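Coordinate analysis (summary)
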Amino acid sequence: MVARVTLEIALRKEFDYAIPPELAARIDVGTRVKVPFGPRQVNGVVTEVLEESTHTNLRSIVRIIGAQSLVTPQVLKLARWIADYYCCAPEIALKSVLPDAVRKEDARFKERLFVRLSPVRAEMPKLTKRQQDILHVIEEWRELPLQRLLILTGATPATIRKLEDKALISIAPEVDERDPYAKEEILPTQSMTLNAEQALALEKIKAAINQRAPGILPGSPNWKQTPTLLDSKEARPDAGGTFLLHGVTGSGKTEVYLQAIAHTLEQGKGAIVLVPEISLTPQTVERFKARFSSGPLRTLVAVLHSHLSAGERHDEWHKIRQGRARIAIGARSAIFAPVDPLGLIIVDEEHEHSYKQEESPRYHARDVAVVRGQMERAVVVLGSATPSMESFYNTKRGKYELLELTVRVDDQKMPVVRVVDMRSEGRKQKGVPIFSTQLKEAITQRLEKSEQTILFLNRRGYSTSLLCPQCGYVAECPNCSVSLTFHRRAAKLLCHICGHSAPAPSVCPEPKCRSAAIRYSGLGTEKVEDTLAKLFPQARITRMDSDTLKKKDDYRRILGDFRLGKIDILVGTQMIAKGLHFPNVTLVGIIYADLSLHLPDFRAGERTFQLLTQVAGRAGRGDVEGEVFVQAFTPFHPAIQYARRHDFIGFYDQEIEFREQLKYPPVGRIALLTLRGRNEDKVRLSAEHVRTELEKFLAQPRQGGKGTGLGDLVIAGPAPAPLARAETFYRYQLMLRTPAMTKLSRAIAAMQETLALPDDVMLAVDIDPVDLA
Ligand code: ADP
Ligand code: ZN
Ligand code: ZN
């Protein structure tokens, strides 16, 4: 027998190895193996098992890594799709489907010595008083870690061994599973009675789940024989089964998810829940654990989270692999969780850009979720209060089914949103104000009533630029084409791209100038906080952005204090915009709403609309109606006006027109090719070379005489990237727009095979990019 193996070193090829007879029974698709390669030994994953190879003189597999094949055939198939679609080497795609904590060769369960009571004996041997005392302790516990027993009794290991000698107890190593949530006290919750819209949404999701064949419960006789995709004809991708749940903030989407998951479990299948990293808070996890970690099914929820220790991650992952946990909840990479059989995938806040991985493989977890759903006949539910243009467009084209929740649970009103024209405020207050008169008044009222306020500005630091009016000097990063941000507490100028840091000068750094008239201008959260403290000396103000979060627990602590009412005003960046529920918050202020509108990105309007709607959704989730102030310099921009009216459809309708005209996503698809290197001329020439090669390739008729079918392709560039220089690298881009991405992906991959670039110039291919910088 022969195994086809993808090596973990980047080669873009697969190699055949002979399977030694003694390993034959244990080698399967997905098994990780150690194989000889040249003079070395390298790790790889078996992707196929064959009768024979076309090659002769095969070398043999050396050994198996890990007890169990780690990559399930389903996930393997998904990795291959990623490699094809996102134009990356298969080994890179394969690597990303296993967490490092699992992939490491020495990764294993932690074992500890456990003391266990032996089965009762008729005749009790003679014991000393001390031995009897210890035995009583063990009897109480029946089973406990040796370490713990030593602490409880103050005994030495030798004393306890004596009990073992008398066959009263046994001491043996046992897997000591790490449970990151062991310390949390989680009270079980019951399903709620749904309102009419929730019930209808759930009905449709349940019907789709029922349409798909029932799964097999772990431990049942057929458990191992679940048909795999690779050999099952019946498991072809089929239409339908993907829903977009568009529900305003507070409309009870999560309750719909929970009940859909419950139904999935009843069908003998498992579920994956994706949430953006930033919302993967203990609160979120708790809501899922509270519903499922107790009760008749005793289903465990496993959490895949980068904040867990490597050991915890290892154990959580294996709980899923072994089928003990049937629900996997995590950020982006949890889409690769080996849940099997898989019945349901939930992608919460599906519009979030953090679902896109910004390094190779540059996959979008939402899109991978939809593909995985089709491959495994699982139902997919994408949820959001502000769906992406892509997903909503897909509902219009009948690819996804739209489910709507238009009212808040208990008919709470949507907050009143007031847009403040900061241009006229600027005339009134002379200069560019941070707070409009209206917002100041509103804050004062909240302080008087002991209600809470959230203020949002999506920019950290104190001032965003340092400028000398005498000589025109602007403080720029020496490594990147951006200006440095002044951080007052740290008394530093910082680059937000590369982290470059310099002491903040008090005179112009230009040797010939040295003027003391330098000006710091532009606004960040630090300055909002300081100004606020001057305006409201009695208020308790806390800032939350990546500068104030130093310790692992800071995020939780600050939110805990806010919840307990120890903070009157919370100032923060987008990290306070997401999914937080605080009933006592009745005022939300958005300091400069149009900050994100002026980025060189066709999604600037969409992003602004989403951000405003999400932030506004933080207000008025208790009994009191919420109020939102949106301060803006372009108050009539559609993104701001539609957000004010909570009108997603209105926003979508006008935005899609503009996308249609320019064939931007979701109407067309984009691939972004970015070249980077330290020598600007080489980078530019390389970018031109890539364009020529690509055109050459596209002009070539395919085998069989037909063209590439990329007639509508538009190539823009090469041109310097919006971020023209980053971390000392110059950057040039080519933007390709096409109605048919799969074909273009293939063309790019083929072009790359023969492409020769200078050693110091790198090409990054980003399919369906979300960040155009
Ligand atoms: P969303 O995810 O849409 O923002 P949530 O699912 O967080 O909304 O629901 C908001 C609040 O309403 C939560 O506290 C939730 O427990 C509660 N809730 C949800 N559905 C119902 C219901 N049918 N009846 C009563 N309360 C509900
Ligand atoms: Zn100067
Ligand atoms: Zn920099």
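Residues numbered from 1 in each chain as written. Chains lettered and ligands numbered in written order. Predicted model: local features only at pLDDT ≥ 70, side-chain atom pairs only at ≥ 80, totals over all residues. Heavy atoms only, no water.

What about the coordination of the zinc ion (ligand 3)?
- Protein ligation of the zinc ion (ligand 3) involves C477 (SG), C480 (SG), C495 (SG) and C498 (SG), the donor distances falling in the range 2.2 to 2.3 Å.
- Here the zinc ion (ligand 3) is ringed by 4 donor atoms whose angles at the metal span 104 to 113 degrees, and the overall shape comes out tetrahedral.
- All donors of the zinc ion (ligand 3) belong to a single chain; written as a sequence motif, their spacing is C-x2-C-x14-C-x2-C. Taken as a pair, C480 in the loop between β18 (465-467) and β19 (485-487) and C495 in the loop between β20 (492-494) and β21 (501-503) lie far apart in primary sequence, 15 residues in all. (Donors = N, O, S within 2.8 Å, 3.2 Å for Na, K, Ca; no water. Tetrahedral: all angles 85-135°; square planar, octahedral: opposite > 155°, others 65-115°. Helix = DSSP H or I, 4+ residues; strand = E, 2+ residues; numbered from the N terminus.)

As for the site of ligand 1
- The immediate surroundings of ligand 1 are formed by 17 residues, with T193, Q198, G250, K253 and R287 found nearest.
- Here Q198 contributes a side-chain N or O atom positioned 2.8 Å from a nitrogen atom of ligand 1.
- Contact between ligand 1 and K253: an oxygen atom at 2.9 Å from a main-chain N or O atom of the residue.
- Look at ligand 1: alone it shows 560 Å² of surface, and the protein chains cover 75% of it.
- Considering each element in turn, the shell around ligand 1 owes the most residues, 3 residues, to helix α8 (residues 253-266).
- Class assignment for the residues of the shell around ligand 1 results in 4 nonpolar, 9 polar and 4 charged. (Near = heavy atom within 4 Å. Polar contact = N/O pair within 3.5 Å; in protein donor to acceptor, adjacent residues only side chain to side chain. Areas by Shrake-Rupley, 256 points an atom, 1.4 Å probe, with all protein chains shown as cover. Nonpolar A, V, L, I, M, F, W, Y, C, P; charged D, E, K, R; others polar.)

Some details on the pairing of strand β27 (residues 669-677)
- Taking burial as the measure, the 9 residues of β27 include 7 buried ones, the bulk of the element.
- Here β27 runs beside strand β29 (residues 729-738); their pairing, made up of 9 bridges, is antiparallel. For R669, the partnering residue across the bridge sits in β29 and is T738. (Buried < 20%, exposed > 50% of the residue type's maximum accessible area, 1.4 Å probe, protein only. Pairing = 2+ DSSP bridges.)

A closer look at the sheet that holds strand β8 (residues 169-175)
- Read across the sheet, 3 strands follow the order β7-β6-β8 without closing on themselves; strand pairing throughout is antiparallel. Every interior strand has two partners, whereas the edge strands, β7 (143-145) and β8, have only one. Taken over all neighbouring pairs, the strand axes of this sheet differ in orientation by 30 degrees on average, direction set aside.
- As judged from the 7 bridges shared by strand β6 (residues 111-117) and β8, these two strands associate in the antiparallel manner. What sits directly across from F114, in β8, is A172.
- Strand contacts of helix α4 (residues 129-141): β6, β7 and β8, with the helix running at about 100 degrees to β6, the strand carrying the most contacts.
- In this fold helix α5 (residues 146-153) packs onto β6 and β7, with an angle of close to 90 degrees to the strand it touches most, β7. (Axes fitted to C-alpha atoms, helices over the stretch in contact; angles between N-to-C directions. Contact = heavy atoms within 4.5 Å.)

Side note on helix α1 (residues 73-85)
- Relative to the 18 Å expected for 13 residues at 1.5 Å per residue, α1 spans 18 Å between its end C-alpha atoms, a close match to the ideal helical length.
- Every buried residue of α1 is listed here: P73, Q74, V75, L76, L78, A79, I82, A83 and Y85.
- Buried residues in α1 make contact with β4 (40-50), α2 (90-96), α11 (365-375), β27, α21 (741-754) and β30 (762-767).
- Just downstream of α1, C87 is the residue with a positive phi angle, here 55 degrees. (Expected span 1.5 Å × (residues − 1).)

Considerations on the packing of α4 against helix α6 (residues 157-165)
- At a minimum axis separation of 11 Å, α4 and α6 run at an interaxial angle of 80 degrees. With respect to α6, the axis of α4 lies roughly perpendicular. Residues Q131, I134, L135 and I138 of α4 pack against T159, I160, K162 and L163 of α6.
- Among the residues forming the contact of α4 with α6, the class breakdown is 5 nonpolar, 2 polar and 1 charged. (Parallel < 35°, antiparallel > 145°, perpendicular 65-115°, else oblique.)

Concerning the coordination of the zinc ion (ligand 2)
- At this site the zinc ion (ligand 2) is bound by C468 (SG), C471 (SG), C508 (SG) and C513 (SG), with donor distances of 2.3 to 2.4 Å.
- Viewed at the metal, the 4 donor atoms of the zinc ion (ligand 2) are separated by angles of 105 to 112 degrees, and the geometry they form is tetrahedral.
- Mapped onto the sequence, the residues coordinating the zinc ion (ligand 2) show the spacing C-x2-C-x36-C-x4-C. Highlighted residues: C471 in the loop between β18 and β19 and C508 in the loop between β21 and β22 (519-521), separated in sequence by 37 residues.
- Under the relative-accessibility criterion, C508 is labelled buried at 0%.

Brief notes about the side chain of T608
- Looking at the secondary structure, you find T608 in helix α17 (residues 604-616).
- Residue classification places T608 among the buried residues on the basis of a relative accessible area of 1%.
- Beyond its immediate sequence surroundings of up to four residues, T608 is in contact with A593, S596, L597 and A639.

Some words on the confidence of the model for the protein chain
- Taken as a whole, the protein chain shows an average pLDDT of 86; of its residues, 90% reach a score of 70 or greater.
- In the predicted structure, residues 216-239 sits below a pLDDT of 50 and forms 34 contacts with residues beyond four places in sequence or in another chain. (pLDDT = per-residue confidence, 0-100.)

Some remarks on the pattern of salt bridges
- Under the defined criterion, the tally for this structure stands at 36 salt bridges.
- Here E164 makes a salt bridge to R161, at a shortest N to O gap of 3.0 Å. A residue pair is termed a helical-turn pair when its members lie 3 or 4 positions apart in one helix, as E164 and R161 do in helix α6 at 3 residues.
- In this structure, R366 and D367 form a salt bridge, with 3.1 Å as the shortest nitrogen-oxygen distance.
- The network of salt bridges with shared partners includes R488, R489, E526, E529, D530, R543 and D545. (Salt bridge = Lys/Arg side-chain N within 4 Å of Asp/Glu carboxyl O.)

Things to note about unusual backbone geometry
- At the junction of S360 and P361, the peptide bond is cis and its omega measures out at -5 degrees in the coordinates.
- Relative to the helices and strands, P361 resides in the loop between β13 (342-348) and α11.
- Looking along the chain, the bond that leaves P665 and enters P666 is cis, with omega of 5 degrees.
- Counting through the fold element by element, P666 comes out in the loop between α19 (648-662) and β27.
- Backbone geometry places K663, a non-glycine residue, at a positive phi of 55 degrees.
- Mapped onto the elements of the fold, K663 is located in the loop between α19 and β27.

Description of the packing of aromatic side chains
- All told, the structure shown has 16 aromatic pairs when counted by the stated rule.
- Relative to Y86, the ring of W81 lies with its centre 5.8 Å away and its plane at 90 degrees, an arrangement referred to as edge-to-face.
- An aromatic cluster is defined as three or more aromatic residues linked by ring pairs; in this entry it consists of F392, F609, F648, F651 and Y652.
- A cation sits over an aromatic face here: R676 above F729, 4.3 Å from the ring centre. (Phe/Tyr/Trp six-rings, centres within 6.5 Å; stacked < 30°, edge-to-face > 60°. Lys NZ or Arg CZ within 6 Å of the ring centre and 35° of its normal.)

Some points on the sheet that holds strand β25 (residues 585-590)
- Across the sheet, which stays open at both edges, the 6 strands sit in the order β16-β26-β25-β17-β24-β23 with parallel pairing between neighbours. Lying at the two open borders of the sheet, with one neighbouring strand each, are β16 (416-421) and β23 (541-544). In this sheet, neighbouring strand axes are inclined to one another by 15 degrees on average, regardless of whether the strands run parallel or antiparallel.
- Pairing of strand β17 (residues 452-456) with strand β24 (residues 569-572), which is carried by 4 bridges, proceeds in the parallel orientation. Looking at β24, one finds that I454 is bridged to L570.
- The sheet strands contacting helix α15 (residues 525-535) are β17, β23 and β24, and the helix crosses β23 at an angle near 180 degrees.
- Sheet strands touched by α17: β17, β25 and β26 (627-632). Its angle to β25, the strand with the most contacts, is close to 155 degrees.

Here's the deal with the side chain of T613
- Mapping T613 onto the fold places it in helix α17.
- Separated by 2.7 Å, the side chain of T613 and the backbone oxygen of F609 make a polar contact.
- Ignoring any residue separated from it by four or fewer positions in sequence, one finds T613 in contact with T386 and A643.

So, the environment of S191
- Along the chain, S191 falls in the loop between β8 and α7 (196-211).
- Residue contacts for S191: discarding those within four places in its chain leaves E255, Q259 and R291.

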